[in-house]
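This is what each chain is made of:
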Amino acid sequence: GTEILRSVKRNLKNYKRQAEKYNSIDSSFIIVHNSGWGELSLLLALTKPDATVISVEKDEEKLLVSGIAAENVVNNITYMTELKENFESPYIINL
């Protein structure tokens, strides 16, 4: 629990410094590879409600926690352990 909290806080600070970059995304599909605990995926889903966010994370524990955190908060995130389909003109973020 504490390790996750520290990691998420650190990552959120980093994303805040890069807010302008993420705010300028203009795509209906956003793919976040190696999404970790899902902080960026959730932030993007909240700030880009018309976009579909695909959160790709191989670590199933992290993927599970991400899904629970976003449950009943947003409905535009899809979680995958690997990308299984092609999306038209996605914006891709590799973490």
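Below you will find a few notes about this structure. (Residues numbered from 1 in each chain as written. Predicted model: local features only at pLDDT ≥ 70, side-chain atom pairs only at ≥ 80, totals over all residues. Heavy atoms only, no water.)

### Things to note about the overall build of the protein chain
Here is step 1 of the chain: A tally of helices and strands in the protein chain yields four helices and four strands.
Here is step 2 of the chain: Taken from N to C terminus, the helices and strands of the protein chain fall in the order α-α-β-α-β-α-β-β.
Here is step 3 of the chain: Computed over C-alpha atoms, the radius of gyration of the protein chain comes to 12 Å, within 12% of the 12 Å expected from 2.2 N^0.38 for 95 residues, which places it in the range of a compact globule.
Here is step 4 of the chain: Seen through its C-alpha atoms, the protein chain measures out along the principal axes to roughly 40 × 30 × 25 Å.
Here is step 5 of the chain: Burial analysis of the protein chain (95 residues in total) assigns 35% to the buried set.
Here is step 6 of the chain: Within the protein chain, residue pairs in contact and separated by at least 24 positions form 65% of the contacts whose partners lie at least 6 positions apart.
Here is step 7 of the chain: Of the roughly 6300 Å² that the protein chain leaves accessible, carbon and sulfur atoms contribute 47%.
Here is step 8 of the chain: In the protein chain, 11 positive and 13 negative side-chain charges are present, and the distance between their average locations comes to 12 Å. (Helix = DSSP H or I, 4+ residues; strand = E, 2+ residues; numbered from the N terminus. Rg over C-alpha atoms; globule rule 2.2 N^0.38 Å. Buried < 20%, exposed > 50% of the residue type's maximum accessible area, 1.4 Å probe, protein only. Contact = heavy atoms within 4.5 Å. Areas by Shrake-Rupley, 256 points an atom, 1.4 Å probe, with all protein chains shown as cover. Lys, Arg positive; Asp, Glu negative; His and termini not counted. Charge placed at Lys NZ, Arg CZ, Asp CG, Glu CD.)

### Some details on the pairing of strand 1 (residues 29–33)
Here is step 1 of the chain: For strand 1 and strand 2 (residues 52–56), the ladder comprises five bridges, and the chain directions are parallel. Across the sheet, Ile31 pairs through a bridge with Ile54, a residue of strand 2.
Here is step 2 of the chain: Of the crossover connections in this fold, the one passing from strand 1 over helix 3 (residues 39–47) to the parallel strand 2 is right-handed. (Pairing = 2+ DSSP bridges. Right-handed = clockwise from strand over helix to strand, strands pointing away.)

### Some details on the sheet that holds strand 2
Here is step 1 of the chain: Sheet architecture is open: four strands sit in the order 3-2-1-4, paired in parallel fashion. On the outer flanks of this sheet lie strand 3 (77–80) and strand 4 (91–94), each paired with one strand and no other. The sheet shows a mean angle of 15 degrees between the axes of neighbouring strands, taken without regard to direction.
Here is step 2 of the chain: Pairing between strand 1 and strand 4: four bridges, direction parallel. Paired with Val32 across the bridge in strand 4 is Ile93. (Axes fitted to C-alpha atoms, helices over the stretch in contact; angles between N-to-C directions.)

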